[in-house]
Amino acid sequence: MNAVLVAMSGGVDSSVAAAMLLDEGHEVVGVTMRLWGGESDTGCCSVADVDDARRVAQQLGIDHLVFNFGDDFRAHVVDPYVAAHVIGRTPNPCIECNRHVKFDRLLRRAELLGFDAVATGHHARIVHGRVARGADRAKDQSYVVHMLGRDDLARVRFPVGTLTKDEVRRRASALGLRTATKPDSQDVCFITTGGGRAEFLGRRVPFTPATVVDTDGAVVGGVEALELVTVGQRRGVTDGGGTRRYVTALDRQRATVTVGPLDALLTERVVVDGLRWIDGPVDEEVLVQTSAHGQPQLAVVDGDVVVWRTPQRRVAPGQAVVCYDRSDTFVVAGGTAA
Amino acid sequence: MRAEAVDAMRPFLQDRFANPSGAHAAARDARRAVDEARDVVAESLGCQPGEVVFTSGGTEADNHAVLGAVRQHGGVAVATAVEHHAVLHPVEHVGGRLVAVDERGRVDLDALAAVLNDDVTVVSVMLANNEVGTVQPFGAVASLVRERAPRAVLHTDAVQGFPWLDVAALTAVADCVSVSAHKFGGPKGVGALVVRTGTTLEPLILGGGQERDRRSGTHNVAGIVAMAAAMRATVAERAATVEQVGAQRDRLVDGLIAAVPELYETVPRIDKVAGSAHVCIDGVESEALLFLLERGGVYASVASSCASGAMEPSHVLAAMGVAKERSGGALRLSLGYASTDADVDRALEVVPDAVRRLRR
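As the structure is a prediction and not an experimental result, all values here were calculated from the model.

### Considering the overall build of chain B
Logical step 1: Scanning chain B for helices and strands turns up 12 helices and 12 strands.
Logical step 2: Taking 360 residues into account, the globule formula puts the C-alpha radius of gyration at 21 Å, and chain B, at 21 Å, falls close to it.
Logical step 3: Sequence-distant contacts, at least 24 apart, represent 69% of the contacts inside chain B between residues at least 6 apart.

Now the structure itself:
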């Protein structure tokens, strides 16, 4: 038996995670992290979500705590999110939250308080001390927890990673948990669906109008905010009509957005910042995933460069680049697109 | 709760359940109980029975005083920066002015003088602070207000002060006084606002006009009766309680200072009420500390909690100029009439252990 602190967001996955750990005979305490005091409608921090987490904990007969990590969340997730957009990058705040808040701040707090492990409701598995894809491939979240090394994983549990989402909901229903039919959370927790990214960033940074040019340098349009444009996006930068055009590059200095046909978006390589191998470099081909639900593609990794077997769409700078073994099961490396 | 309060309220939850506003014998029985309770509360607070307005607690009483004054008279609300949120938020809501405090949490009288003028229609200064225990120089505040803001309703939130201070004497100069039953052994959900004759406030809650049109809503008879019983007992025992709890508090804080390096008493004892033991402990986080204390059987708090239950940074410590690194290790240990020497022993054992563990 271990003492396990379960991060309960008020969603169905973490509710069932707590129930499973209890079933396994562990001493379980639930905690909801208060991360964001501002507006939120989808997030993990609304009072309604905390209520759900607390009520589930009461139903399971476990203690429920609330930790206020708002300062850490702002410093490590929200502020860098804004700063990244300013320099034309497309960050993944969920990954930064996992890296700095859930599996650092919370993990250290749990250790200090005498817990053996922290559990979350992520759909991923831990097999032989490595992160592996969750049993439900469609819901797999190994991509967003790829940064966990062996030391971390010794103190982390993903109980629902062995279940499909349907099985999770069935278990929640069988236990009569109030979160059984609660919809999955979507998008970035600190951004409202009403206002979106544009409103959130617009309140925090001045927007830079930019000229849209084609690959030959001819002006084909304009955008009001360079900060809201992402490499690879298709909609919103050209008037439509004719061939489909994609954003292939952003140049903040010259305030230009370059668009081109799909061909122009294709590239043979991705340079990766902070690439970290879980068990040392792998020479042979690996499968590389560059977005949360993207299809992994074959590549070899040469130093800090991913070289695709066949050209792939350019990866927006700031996105996580995660390498899996050839069986598409285990995370073997991860970093951030430069 | 105090046994007196539980005993007093029980009949009104069972057989004597009538609505005191009714016209029959059972109603008259309930009405008599409320009238008698009003006499006790008035005596305990040093006012006339007709000046007592029963409320749903301290928050409603505070809101009523601040919002009621501004809505009735227009003008500007003034309060200290360390008031309870029940005063602070209404004052901010009507665009009022907040006055700075010194490092012990006492209102800066020069700063207060500077914001007072004929436009000011309500000044709210608490008797004792709920977080750190600081007692305000209320007499000096009253003199300033009368001299510089002659129109102002002078309100004091005596919620935290009532168990420890001679509220009737100290607030004789005030126009409005808030109290809340659960702070002195009564039930939650009932309190009172003293509104002196001649002071007019717009009512917050409109309806049947049960409290002489100053507040509507069916009387919480059981709560009111229990509050009166708790109040009577509190006043009767107050001097002895202050002496006993003060000694326990001193032993607790002296013991903690001796046992825990880099633990600081937030406010000197001479400036605060007997039941308050607020300290800041460097190098620990309050949230983590509270968890370990709870496991050791010591229930403490930090500042205030938001609706989600998360701890919010203390506006009181911020106003006192306590650095964020230090206020992050704030610990609020409260003692009361029911505290025992064994409780103090337990805290002296558990707190140093928890701090040692968190500092490893």
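### Notes on the overall build of chain A
Logical step 1: Counting its regular elements, chain A contains 8 helices and 17 strands.
Logical step 2: Taken against the 2.2 N^0.38 rule, which gives 20 Å for 338 residues, the C-alpha radius of gyration of chain A at 21 Å falls within 12% of a compact globule.
Logical step 3: Along the first, second and third principal axes, the C-alpha atoms of chain A reach 65 × 45 × 35 Å.
Logical step 4: The buried share of chain A, reckoned over its 338 residues, is 46%.
Logical step 5: At a minimum sequence separation of 6, the contacts of chain A that also span at least 24 residues come to 63%.

### Observations regarding the nonpolar core
Logical step 1: Counting residues in each nonpolar core, the largest one holds 217 residues, and the members touching the most others are Val-6 of chain A together with Val-225, Ala-226 and Met-227 of chain B.
Logical step 2: Considering each element in turn, this core owes the most residues, 14 residues, to helix H8 (residues 221-259) of chain B.
Logical step 3: Apart from residues lying up to four places away in sequence, Met-227 of chain B is in contact with Ala-37, Val-41, Ala-181, Gly-186 and Val-190 of chain B.

### Looking at the domain arrangement of chain A
Residues and elements named next belong to chain A.
Logical step 1: You can read the domains of chain A as domain 1 (3-174), domain 2 (206-260) and domain 3 (265-337).
Logical step 2: Put simply, the middle of domain 1 and the middle of domain 3, counted by C-alpha atoms, are 25 Å apart.
Logical step 3: Contacts between the two partners involve 17 residues from domain 1, matched on the other side by 14 residues from domain 3.
Logical step 4: Each residue belonging to the side of domain 1 that touches domain 3 can be placed in one class, and the counts come to 8 nonpolar, 6 polar and 3 charged.

The rules behind each value
Residues numbered from 1 in each chain as written. Chains lettered and ligands numbered in written order. Predicted model: local features only at pLDDT ≥ 70, side-chain atom pairs only at ≥ 80, totals over all residues. Helix = DSSP H or I, 4+ residues; strand = E, 2+ residues; numbered from the N terminus. Rg over C-alpha atoms; globule rule 2.2 N^0.38 Å. Contact = placed C-beta atoms within 7 Å. Buried ≥ 20, exposed ≤ 12 C-beta atoms within 10 Å, placed from the backbone. Core = buried A, V, L, I, M, F, W, Y, C linked by C-beta atoms within 7 Å. Domains from an automatic or database assignment. Nonpolar A, V, L, I, M, F, W, Y, C, P; charged D, E, K, R; others polar.

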